[in-house]
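Coordinate analysis (summary)
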Amino acid sequence: MVFWIFGYGSLVWNPGFEYDEKVIGYIKDYKRVFDLACIDHRGTPEHPARTCTLEESEGAICWGAAYCVRGSPEKEKKAMEYLERRECEYDSKTLVDFFKEEDSDHPLLTGVIVFTSTPDKVNNKYYLGPAPLEEMAWQIATAHGPCGNNREYIFKMEKALYDIGHEDDYIIELANEVRKVLDIVSSGIQKENKLAGSPRLPLKTQTSPVKIFSMPEAVVAVAADS
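Fair warning: this is a prediction, and the values are worked out from it, not measured in the lab.

Okay, the pattern of salt bridges next. Tallied over the entire structure, the rule returns 13 salt bridges. The partner of D20 in a salt bridge is K75, and the shortest N-O contact between them spans 2.9 Å. Here the residue D20 occupies a position in the loop between β1 (2-7) and β2 (21-38), and K75 occupies one in helix α1 (residues 73-86), the gap between them amounting to 55 residues. Among the residues examined, D20 registers a relative accessible area of 37% and is labelled partly exposed. In this structure, D35 and R50 form a salt bridge, with 3.9 Å as the shortest nitrogen-oxygen distance. Residue D35 is located in strand β2, and its partner R50 is located in strand β3 (residues 49-70); the two are separated by 15 residues in the primary sequence.

The structure is reproduced here in structure tokens:
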């Protein structure tokens with residue numbers, strides 16, 4: 001028994017299951033988008049994280065890693081059960097051709113499984129859809145869940161694609177926008193802390209005792225890793 005699975009998100013750097021072979025390569029006519037919600041790993045139902053899925057795009061290529069699971073039916077079943085639990089936000093499995101850089105006309109593998117999601121907000125509760133870059137960046141910068149924070153996810157993806165030698169301009173742009181948000185949040189916290197530590201003096205014209213109220217703390221949902 002044997003099956004191949006293509007990873008384009010966290011599976012690139014953290015497969016999490018037993019496999020027999022790993023090959024770096026790409027699939028055609030798909031691109032990464034951060035249009036899917038994560039409510040139980042790096043986000044919550046109240047503040048969902050944004051995670052990566054695939055969008056059909058003619059002429060596009062998406063680099064990642066293909067993993068081979070080879071052996072007994074039990075081994076294959078165990079790996080697939082793990083993947084289905086982990087990739088629970090994805091409602092479809094698609095079979096794709098997988099290519100190596102040196103031969104873009106002939107696939108190295110056919111029938112490779114990839115987890116995808118239906119771009120339909122009515123029938124797919126996890127589908128968020130596209131949003132302006134700044135809005136997505138704020139969501140990613142501030143969401144967190146039981147498995148970690150959302151910003152770590154995109155930064156690890158950015159590094160993983162760099163490590164395999166195939167950076168994604170979309171991921172780089174979004175990651176840089178997240179960094180801008182984090183700088184804003186950090187500056188805001190420092191300003192509030194500075195103000196909170198400043199002495200408060202009564203007005204010179206005040207004759208009665210002055211009751212001093214401390215400034216409210218800034219509430220920023222900054223997170224504490226699929």
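Following the structure, the description resumes.
Two elements in contact, helix α2 (residues 133-142) and helix α3 (residues 150-163), have axes whose closest approach is 5 Å; the angle formed by their N-to-C orientations is 110°. As far as their axial angle goes, α3 and α2 are roughly perpendicular. Listed contacts from α3 to Q139, I140 and A141 of α2 are N150, R151 and I154. Split into classes, the residues belonging to the contact of α2 with α3 amount to three nonpolar, two polar and one charged.

In this section: the packing of aromatic side chains. In this structure the tally under the stated criterion is 11 aromatic pairs. On the numbers, 6.1 Å between centres and 65° between planes, the contact of F17 with Y19 is edge-to-face. Residue classification places F17 among the buried residues on the basis of a relative accessible area of 8%. Residues F17 and Y67 carry aromatic rings whose centres are separated by 5.7 Å and whose planes lie at 70° to one another, so their mutual orientation is edge-to-face.

We now examine a negative patch on the surface. A grouping of E101, E102, D103 and D105 is seen on the molecular surface, where their side chains present a negatively charged patch. Mapped onto the elements of the fold, E101 is located in the loop between β4 (92-98) and β5 (109-116). E101 sits in the exposed class, given a relative accessible area of 55%.

Our focus in this paragraph is unusual backbone geometry. Negative phi is the rule for most residues except glycine; trans is the rule for most peptide bonds. You will see that D29, though not glycine, has its phi angle at about 65°, which is positive. The topology assignment puts D29 in strand β2. For D29, a relative accessible area of 36% translates into the label partly exposed.

Calculation criteria
- Residues numbered from 1 in each chain as written.
- Predicted model: local features only at pLDDT ≥ 70, side-chain atom pairs only at ≥ 80, totals over all residues.
- Heavy atoms only, no water.
- Salt bridge = Lys/Arg side-chain N within 4 Å of Asp/Glu carboxyl O.
- Helix = DSSP H or I, 4+ residues; strand = E, 2+ residues; numbered from the N terminus.
- Buried < 20%, exposed > 50% of the residue type's maximum accessible area, 1.4 Å probe, protein only.
- Axes fitted to C-alpha atoms, helices over the stretch in contact; angles between N-to-C directions.
- Parallel < 35°, antiparallel > 145°, perpendicular 65-115°, else oblique.
- Contact = heavy atoms within 4.5 Å.
- Nonpolar A, V, L, I, M, F, W, Y, C, P; charged D, E, K, R; others polar.
- Phe/Tyr/Trp six-rings, centres within 6.5 Å; stacked < 30°, edge-to-face > 60°.
- Patch = residues over 30% accessible without salt bridge, like charges linked within 9 Å, V, L, I, M, F, W, Y side chains within 5 Å.
- Areas by Shrake-Rupley, 256 points an atom, 1.4 Å probe, with all protein chains shown as cover.
- Lys, Arg positive; Asp, Glu negative; His and termini not counted.
- Charge placed at Lys NZ, Arg CZ, Asp CG, Glu CD.

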